[in-house]
Amino acid sequence: QVQLVQSGGGMVQAGGSLRLSCAASRNIVSMNAMGWYRHAPGNERELVATITSIGIANVADSVKGQFTISRDNAKNTVFLQMNSLKPEDTAVYYCNAKWRSADGTNYNDWGQGTQVTVSS
């Protein structure tokens, strides 16, 4: 498994910005993809953004133009920059890593979760 340690998040007023970080315990270039999900009370866990090992980024339509995913391979860290935050962005955000080991085993690892609360 890979350990994913999240930081950032917290409480912000609507219109504000936050940046989440996810530091991996191993080389993220070896990850097939890393991403961010969020889970709001009463809702299903929602995919927010992903970035592949070669840096191809995809962002959910619901946050397109608002959130940006990026990575720093030298620091084995993935970021989620969240701008123009709205109360409906309030959720617990989870970092995710999908990768395959040398023996072909597929892994799907998760960070500990970070609460983001946006007040109106």
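Relevant structure appears above.
Residues numbered from 1 in each chain as written. Predicted model: local features only at pLDDT ≥ 70, side-chain atom pairs only at ≥ 80, totals over all residues. Heavy atoms only, no water.

S.K.: In this structure, what is going on with the overall build of the chain? I would like to understand it.
M.R.: For the chain, the helix and strand inventory stands at zero helices and 11 strands. Written out in order from the N terminus, the α and β elements of the chain read β-β-β-β-β-β-β-β-β-β-β. At 14 Å, the chain has a C-alpha radius of gyration in line with the 14 Å of a compact globule built from 120 residues. For the chain, the spread of C-alpha atoms along the principal axes amounts to about 50 × 25 × 25 Å. The contacts in the chain between residues at least 6 apart in sequence include a share of 55% that link residues at least 24 apart. For the chain, the accessible surface area stands at approximately 6200 Å², while carbon and sulfur atoms represent 48% of it. Side-chain charges in the chain split into 10 positive and 8 negative, and the spacing between the mean points of these groups amounts to 6 Å. (Helix = DSSP H or I, 4+ residues; strand = E, 2+ residues; numbered from the N terminus. Rg over C-alpha atoms; globule rule 2.2 N^0.38 Å. Contact = heavy atoms within 4.5 Å. Areas by Shrake-Rupley, 256 points an atom, 1.4 Å probe, with all protein chains shown as cover. Lys, Arg positive; Asp, Glu negative; His and termini not counted. Charge placed at Lys NZ, Arg CZ, Asp CG, Glu CD.)

S.K.: Can you walk me through the side chain of Thr77 in this structure?
M.R.: With respect to the helices and strands, Thr77 occurs in strand β8 (residues 77-82). A relative accessible area of 8% places Thr77 in the buried class. Reaching out from Thr77, the side chain makes a polar contact with the backbone oxygen of Lys75 at a distance of 2.8 Å. Ignoring anything within four residues of it in the chain, the contact list for Thr77 reads Ser21, Cys22, Ala23, Ile28, Ser70, Arg71 and Asp72. (Buried < 20%, exposed > 50% of the residue type's maximum accessible area, 1.4 Å probe, protein only. Polar contact = N/O pair within 3.5 Å; in protein donor to acceptor, adjacent residues only side chain to side chain.)

S.K.: Looking at this structure, I do not really get the state of the cysteines. What am I missing?
M.R.: Covalent bonding between the sulfur atoms of two cysteines defines a disulfide. Within the structure shown, the criterion is met by one disulfide. Residue pairing for Cys22: its cysteine sulfur links by disulfide to Cys95, the two sulfurs lying 2.0 Å apart. Measuring the twist about the S-S bond at about -80°, one finds the Cys22-Cys95 disulfide to be left-handed. Separated by 73 residues along the polypeptide, Cys22 in strand β3 (residues 18-24) and Cys95 in strand β9 (residues 91-100) bring together distant segments of the chain. Its relative accessible area of 0% is what places Cys22 among the buried residues. (Disulfide = S-S within 2.5 Å.)

S.K.: When you look at the environment of Thr68 in this model, what are you seeing that I'm missing?
M.R.: As for its placement among the helices and strands, Thr68 is situated in strand β7 (residues 67-72). Owing to a relative accessible area of 45%, Thr68 belongs among the partly exposed residues under this scheme. Along the chain, Thr68 and Val29 lie 39 residues apart, while their C-alpha atoms are 19 Å from each other. Residues contacting Thr68, with those up to four places away along its chain left out, are Phe79, Leu80 and Gln81.

Everything listed here is a matter of geometry and, on its own, says nothing about what the molecule does.
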